[in-house]
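Listed below, chain by chain, are the residues.
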Amino acid sequence: LQGIFVLGLPYALLHSGYSGLLLIVLAAALCCYTGKILIACLYEENENGQPRRVRDTYEDVANACCKKLSPNLGGVVVNVTQVLELIMTCILYLVASGNLLSHSFPYVPVTEQTWSVIAFVTLLPCIFIRTLKIVSKLSQLCSLVHFVIIFVVITYCLTQMHQWSWAKFRLSLEFEDFLVSVGVIIFSYTSQIFLPTLEGNMKNPGEFRCMLNWTHFFACILKTTFALTAFLTWGEKTKEVITDNLPSFLETLVNLCLLTKALLSYPLPFFAATEIVYSCISKDNHSNYRSPLLALTVRGSFLLLTLLMAMFTPHFALLMGLTGSVTGAAMTFLLPSLFHLKLKWKKLSFLEKCADISVFLLGFLCSLAGIVCSIKGLLEVFG
């Protein structure tokens, strides 16, 4: 969701003012921290005091924490949460693709749902993706397109520097508007679902912490620069998706780039969701796990499910907000801090324990507030 949420950052600043700039930095630090402690839960010290990877997935960590209650309870909860969030992410990409195609070609008499079907056809080769290596190459292209989008928007904003004014920042805040900003900013950094797989596939896993530091540092710099320049350019006229503020010729170009990014982003959550399902199936019947027919059936079912939900789910944005408030906060803040406290309690310093407890409480409050706002929105929509 990086591209979608990043394009909403200037709108978040509109509602959060100076505190929004602080939130962008704070969210980067917190998400980087929870990523590190989640990966730390994969390791235990051997007889020589050296860290050894004894767990491979988020599910393994959850099972280790809940084994006294039930051997598989934690894994079931984590898997359901992960799959739900990943499926909703895939659906959002399809919805976004249909919307972008509709806005890019308004003169073509085709509905957004039909455009979503056209975008879906281009994603059919995802059925044949079997390794993370292919997904990583697509993600590299996705990152390249992302930088093109950011470069175009920032360049245009710099040409309007003569009309910038710091007076555009708000000092007074509406609580509900502020919560919207918090959600947009925090969830623009979330990646915890993919981290165990990513760390396990690195040539040198020892560089993971350094990699996480640098990626979150540069993401913070890029997002702050982008949000600040865009908001200073349009001020109170800033729209929810900043590309809607661009002149028509640039808006079409950026929308097509966003479409490319959405389609290139789809394989990562899709691959992650199917891998979780495969790992569950393999526990019951290992021979079927490698069956090509089963693999095609599972992937094909996932593809079809995302298309059907993208076309027929009413008020998807509100439902996505509700799901994100539950699954996003849980996977990013609540569970990593809780698991870290459970598995490493005896080895943690007082400050580390305080940090984990603080992150847990912050995540709980953000999740609760997001749920309340989303349910309120749904009740208003349904009258």
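Residues numbered from 1 in each chain as written. Predicted model: local features only at pLDDT ≥ 70, side-chain atom pairs only at ≥ 80, totals over all residues. Heavy atoms only, no water.

Q: Can you tell me about the environment of L86, naming the residues and giving the values?
A: Mapped onto the fold, L86 is located in helix α5 (residues 73-104). When the C-alpha positions of L86 and I193 are compared, they lie 8.8 Å apart, and in sequence the two are 107 residues distant. Not counting the four nearest positions on each side in its chain, L86 is found in contact with I193, F194, P269, A272, A273 and I276. (Helix = DSSP H or I, 4+ residues; strand = E, 2+ residues; numbered from the N terminus. Contact = heavy atoms within 4.5 Å.)

Q: Explain helix α2 (residues 9-16) to me, and be specific about the residues and the numbers.
A: Of all eight residues in α2, seven are buried, a share of seventy percent or more. Looking only at α2, the buried set comprises L9, P10, A12, L13, L14, H15 and S16. Directly beyond the C-terminal end of α2, a positive phi value near 60° is found at G17. (Buried < 20%, exposed > 50% of the residue type's maximum accessible area, 1.4 Å probe, protein only.)

Q: Tell me about the packing of α5 against helix α14 (residues 292-312), residues and numbers included.
A: Running from amino to carboxyl end, α5 crosses α14 at an angle of 60°, the nearest separation of the two axes being 9 Å. The angle between α5 and α14 places the two elements in the oblique class. The way α5 lies across α14 gives a crossing that is right-handed. Where α5 approaches α14, its residues V83, I87, M88, C90, I91, L94 and V95 are matched on the opposing element by F302, L305, T306, L307, M309 and A310. (Axes fitted to C-alpha atoms, helices over the stretch in contact; angles between N-to-C directions. Parallel < 35°, antiparallel > 145°, perpendicular 65-115°, else oblique. Left-handed = near helix turned anticlockwise from the far one by under 90°.)

Q: Tell me about the packing of α5 against helix α6 (residues 112-122), and please be specific about residues and values.
A: For the pair α5 and α6, interaxial distance at closest approach is 8 Å and the crossing angle is 115°. Between α5 and α6 lies a crossing whose hand is right-handed. On α6, the residues that touch L94, V95, S97, G98, N99, L101, S102 and H103 of α5 are E112, W115, S116, A119 and F120. Taken together, the residues of the contact of α5 with α6 break down into six nonpolar, six polar and one charged. (Nonpolar A, V, L, I, M, F, W, Y, C, P; charged D, E, K, R; others polar.)

Q: Run through a positive patch on the surface, naming residues and quoting values.
A: Taken together, the side chains of K67, K68, K342 and K346 make up a positively charged region of the molecular surface. Relative to the helices and strands, K68 resides in the loop between α4 (58-66) and α5. Residue K68 is classed as exposed on the basis of its relative accessible area, which comes to 77%. (Patch = residues over 30% accessible without salt bridge, like charges linked within 9 Å, V, L, I, M, F, W, Y side chains within 5 Å. Areas by Shrake-Rupley, 256 points an atom, 1.4 Å probe, with all protein chains shown as cover. Salt bridge = Lys/Arg side-chain N within 4 Å of Asp/Glu carboxyl O. Lys, Arg positive; Asp, Glu negative; His and termini not counted. Charge placed at Lys NZ, Arg CZ, Asp CG, Glu CD.)

Q: Tell me about the packing of aromatic side chains, and please be specific about residues and values.
A: As enumerated under the stated definition, the model contains eight aromatic pairs in all. When the centroid spacing of 6.3 Å and the interplanar angle of 85° are considered together, the rings of F105 and Y107 count as edge-to-face. Taken together, a centroid distance of 5.8 Å and an interplanar angle of 25° make the contact between Y266 and F270 stacked. The exposure classification of Y266 matches that of F270, with both residues buried. Counting every residue linked through ring pairs, the aromatic cluster contains F105, Y107 and W115. The side chain of K223 reaches across the aromatic face of Y189, ending 3.7 Å from its centre. The ring of W345 has K353 sitting right over it, with the charged end atom 4.0 Å from the ring centre. (Phe/Tyr/Trp six-rings, centres within 6.5 Å; stacked < 30°, edge-to-face > 60°. Lys NZ or Arg CZ within 6 Å of the ring centre and 35° of its normal.)

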